Every structure is written in C-alpha cells, then in structure tokens.
Amino acid sequence: QVQVVESGGGLVQPGGSLRLSCAASGSIFSVYAMGWYRQAPGSKRELVAVISSGGRTNYADSVKGRFTISRDNAKNTTYLQMNSLKPEDTSVYFCKADLTVLGYRRGDYWGHGTQVTVSS
C-alpha cells in the first residue's frame, strides 16, 4: 500500500509565506516526478509546480518567482515554499507522486489535499 500525505496548509495574510510538505510512504520501489496542484471551488485542478527525480523543476506562470519546489529523495518527500502569497492563491493544494509500487506498475498517487487560505 502507498500513502501520499500533505501537510502545512493554513490561513495566512496577503504577502505572507507558507511551506507545504508531502511525503510518499509504503511499499515504494521508486519515485519519479512529484508535483503540487491546486483546485479552487468551481475551478479545474491546475499544475502549480513539479520536480523530477533529478531535480528539474517547472512552474505555473502565476507562481514563478514566488513559489519554490524542492525534494528529499531519501525521504520520498517534496516541499513547496510559498512566498508573497496572494488571495488568488487560495485553494486546496494536492500532491501527486509518480511512482512504482513493489510488484506493481508505475502510476500516479494523489494525496487528499491541504487547504491554503490567503486573507486579511
């Protein structure tokens, strides 16, 4: 079994910062890309940032220069440092891990999400 668990969400004022964490655990053979997505009410889920196993990153234009994704391969964990937060960043943030489970095929595993609210 595999679990993907996010943490670190909360309420923050505009201009503030938050750091999200996401850990994949269980019978994992290998983890490839890990990414953060977000979904606001009434909107589609959108890519925020993704990082490959080798550290290559990609960001949505709306967060470039404000958010930084990183990972610790030894811990199967990814982080999203969010600075200069804006009200429009308010969403549920989901983590996705592209991984291979021992004895099974490669696939995408999602966490349940963590709420980020940016408001004064």
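The preceding data block contains the structure.
For the structure given in this document, a descriptive report is provided here. Starting from 1, residues in each chain are numbered consecutively following that chain's sequence as written. Note on the predicted model: pLDDT of at least 70 is required for a residue's local features to be given, and 80 or more for side-chain atom pairs to be given and counted; whole-chain, interface and lining totals, by contrast, use all residues. Values reported for side chains reflect all heavy atoms of the structure, with hydrogen atoms and water molecules removed beforehand.

### Here we look at the sheet that holds strand 7 (residues 67-72)
In any sheet, the strands associate via hydrogen bonds between backbone groups, in a parallel or an antiparallel arrangement. The condition that has to hold: DSSP calls a pair of strands paired once it identifies at least 2 bridges connecting them. A run of DSSP states H or I qualifies as a helix once it reaches four residues; a run of E qualifies as a strand once it reaches two. Both are numbered from the N-terminal end. Here the axes come from fitting lines to C-alpha atoms, over the contacting stretch only for helices, and the angles between their N-to-C directions go from 0 to 180 degrees.
The strand order across the open sheet formed by four strands is 1-3-8-7, and the pairing between neighbours is antiparallel. In this open sheet, the two strands that pair with only one neighbour each are strand 1 (2-7) and strand 7. Within this sheet the neighbouring strands show an average axis-to-axis angle of 15 degrees, counted without direction. Two strands pair when backbone bridges link them, and strand 3 (residues 18-26) and strand 8 (residues 77-82) are joined in this way by six bridges, in the antiparallel orientation. If you follow alanine 23 over to strand 8, its bridge partner there is threonine 77.

### As for the nonpolar core
Formally: The definition of a nonpolar core used throughout is a set of buried Ala, Val, Leu, Ile, Met, Phe, Trp, Tyr and Cys residues joined through side-chain atoms within 4.5 Å. Per-residue accessibility, obtained with a 1.4 Å probe over protein chains only, is compared with the maximum for each type, and a residue is labelled buried under 20%, exposed over 50%, and partly exposed between these values.
Membership of the largest hydrophobic core comes to 29 residues, with the highest contact counts inside it found for Trp36, Val48, Phe67, Leu80, Met82, Tyr93 and Leu99. Elements that contribute at least two residues to this core include exactly strand 1, strand 3, strand 4 (28-39), strand 5 (46-51), strand 7, strand 8, strand 9 (91-101) and strand 11 (114-118). If one sorts the elements of this core by residue count, strand 9 sits on top with five residues.

### Some points on the side chain of threonine 78
Applied cut-off: Here a polar contact is taken to be a pair of N or O atoms separated by no more than 3.5 Å, where protein atoms must pair a possible hydrogen donor with a possible acceptor and residues adjacent in sequence count only if both atoms sit in side chains. We call two residues contacting when some pair of their heavy atoms lies within 4.5 Å.
In this fold, threonine 78 is placed in strand 8. From its side chain, threonine 78 meets the backbone oxygen of serine 70 in a polar contact 2.8 Å long. Residues contacting threonine 78, with those up to four places away along its chain left out, are Leu20, Ser21, Cys22, Met34, Trp36, Ile51, Ile69, Ser70, Arg71 and Cys95.

### Thoughts on the environment of threonine 90
Its location among the elements puts threonine 90 in the loop between strand 8 and strand 9. Separated by 27 residues in the primary sequence, threonine 90 and threonine 117 have C-alpha atoms spaced 4.6 Å apart. With residues near it in sequence (within four places) discarded, threonine 90 still touches Ala40, Gln115, Val116, Thr117 and Val118. Side-chain polar atoms of threonine 90 contact the backbone nitrogen of valine 118, separated by 2.9 Å.

### With respect to the packing of aromatic side chains
Operational definition: Note on aromatic pairs: the rings of Phe, Tyr and Trp (six-membered ring only in Trp) are paired at centre separations within 6.5 Å, and the planes decide the class, stacked below 30 degrees, edge-to-face beyond 60, tilted for the rest. Any Lys NZ or Arg CZ that is within 6 Å of a ring centre and within 35 degrees of that ring's normal is treated as a charge sitting over the ring.
Taken as a whole and judged by the stated rule, the model has one aromatic pair. If you follow arginine 45 out to its NZ or CZ, it ends over the ring of phenylalanine 94, 3.7 Å from the centre. Positioned above the aromatic ring of tryptophan 110 is the side chain of arginine 45, whose terminal nitrogen or guanidinium carbon lies 4.7 Å from the ring centre.

### Concerning the pattern of salt bridges
Any two side chains of opposite charge can pair, given that their charged atoms come close. Rule in force here: Think of a salt bridge as a Lys or Arg side-chain nitrogen and an Asp or Glu carboxyl oxygen that are within 4 Å of each other.
For the structure shown, the criterion picks out six salt bridges. The residue arginine 106 makes a salt bridge to aspartate 98 at a minimum N-O spacing of 2.7 Å. Given the relative accessible area of 14%, aspartate 98 is considered buried. Via salt bridges that share partners, Arg38, Glu46, Arg66 and Asp89 belong to a single interconnected network.

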